[in-house]
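# A look at the structure
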Amino acid sequence: MLARNPYRGKYIVFEGIDGSGKDTQISLLEPFLIERDIRYVRTSEPTTYLPTGLLIKALLRGRYGFDPRSTALLFLADSHEHLRTRVVPNLGRGRWVLSSRSFLSTLAYQMVLGVEEEFLEDIMSRLDFLLPDLVVLLDVDPETALARKGKERVKQMYEDVEFLASVRERYLEISKEYDVVKVIDGERDPFDIQEEVRELVKDLMDIPRA
Ligand SMILES: Nc1ncnc2c1ncn2[C@@H]1O[C@H](COP(=O)(O)OP(=O)(O)OP(=O)(O)O)[C@@H](O)[C@H]1O
Ligand SMILES: [Mg+2]
């Protein structure tokens, strides 16, 4: 069990396979919050400001043949430090936190690599992982998602169609266990997707839906 957010700020997470449009949707949501004078911070996992995040980056670029549980522990450590040092302090000050990825990525990706759900959820609950107020899962076909990302980038360990197809299935399965996860068809026009995102965000603000 993850802990419900007891703070004033709302914690909103965008999830989906690589190239599903998480950062695009966060960028489109920003003006909506600014117009309403909602103070927020934008962040992502794996982190880019902690050594654990750098280790993950190196791990994904190489082929070290790590035991899947060691990899999972590294992601869990990075996530835990991210929650402690960035997410919780901002929520505590009443700021909203918009994050690309969170515990749901760790579950979906690491389970596909063979780690048991109980192993992951047990550590998450022992570390008091925070349940977001809203998780928007952008559901996209891996072929579409990878095509969006283009060819210029160095291919990382997780960027493979079959692998991402399994991650997509996992995401959809796990999302049934968490009522805060809302699945959105991410293959449409970014602005149409954003309209749906804003309806979900309004539910957190006690603003009536359009
Ligand atoms: N709904 C959409 N339709 C078409 N293209 C899109 C859509 N959303 C995003 N894109 C494009 O797809 C690419 C990837 O989008 P984005 O960076 O938002 O994905 P991401 O989920 O953050 O990816 P990553 O997991 O790699 O961080 C970008 O070039 C973006 O402009
Ligand atoms: Mg991104």
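Above this text is the structure in question.
To start, this report covers the structure provided alongside it. Residue positions within a chain follow its written sequence, with the count starting from 1. Going through the entries in the order they are written, you letter the chains from A and number the ligands from 1. Only residues with pLDDT of at least 70 are given local features in this predicted model, and only at 80 or more are side-chain atom pairs given and counted; all residues enter the totals for whole chains, interfaces and linings.

## Looking at the site of ligand 1
Near ligand 1 there are 13 residues, and of these G21, K22, D23, T24 and R148 occur at the shortest range. Runs of E in the DSSP output that reach at least two residues are strands. Runs of H or I that reach at least four are helices, and both are numbered from the N terminus. Those elements that place two or more of their residues in the shell around ligand 1 are α1 (22-35), α6 (142-149) and α8 (190-205). Basically, the charged four are Asp, Glu, Lys and Arg, the nonpolar ten are Ala, Val, Leu, Ile, Met, Phe, Trp, Tyr, Cys and Pro, and anything else, Gly included, counts as polar. Its residues assigned to classes, the shell around ligand 1 comprises two nonpolar, six polar and five charged. Being near a molecule or strand means, for a residue, that its backbone-placed C-beta atom lies within 6 Å of it.

## A short note on the packing of α1 against α8
Under this scheme, a helix contributes an axis fitted over its contacting stretch, all axes are lines through C-alpha atoms, and angles between N-to-C directions fall in the 0 to 180 degree range. Relative orientation of the contacting elements α1 and α8 amounts to 60 degrees, with a least axis distance of 10 Å. Taken together, the axes of α1 and α8 are oblique relative to one another. Considering the relative orientation of α1 and α8, their crossing is right-handed. On α8, the residues touching T24, Q25, L28, L29 and F32 of α1 are P190, I193, Q194, V197, R198 and V201. Taken together, the residues that form the contact of α1 with α8 break down as seven nonpolar, three polar and one charged. Oblique is the label for every angle not falling under 35 degrees (roughly parallel), over 145 degrees (roughly antiparallel), or within 65 to 115 degrees (roughly perpendicular). Crossings are classed by handedness, with left-handed meaning an anticlockwise turn of the near helix from the far one by less than a right angle and right-handed meaning a clockwise turn. Any pair of residues counts as being in contact when their C-beta atoms, constructed from backbone geometry, are within 7 Å of one another.

## What to know about the nonpolar core
Counting 40 residues, the largest nonpolar core has Y11, A108 and V136 as its most contacted members. In contact with Y11, other than residues within four places in its own chain, are N5, V87, L91, V97, L130, P132 and D133. For our purposes the nonpolar core covers buried Ala, Val, Leu, Ile, Met, Phe, Trp, Tyr and Cys residues that link as a set through C-beta atoms within 7 Å. Each residue is classified by how many other C-beta atoms fall within 10 Å of its C-beta atom, where C-beta atoms are placed from the backbone; a count of 20 or more means buried, 12 or fewer means exposed, and values in between mean partly exposed.

## Things to note about unusual backbone geometry
The amide bond that connects E45 to the next residue, P46, takes the cis arrangement and shows omega of -5 degrees. The backbone phi angle of D37 is positive, close to 60 degrees, even though this residue is not glycine. Mapped onto the secondary structure, D37 falls in the loop between α1 and β3 (40-44). Non-glycine residue R101 carries a positive phi angle of around 80 degrees. The residue R101 is located in the loop between β4 (96-100) and α4 (103-112) in this model. Using a count of 22 C-beta atoms within 10 Å as the deciding quantity, one classes R101 as buried.

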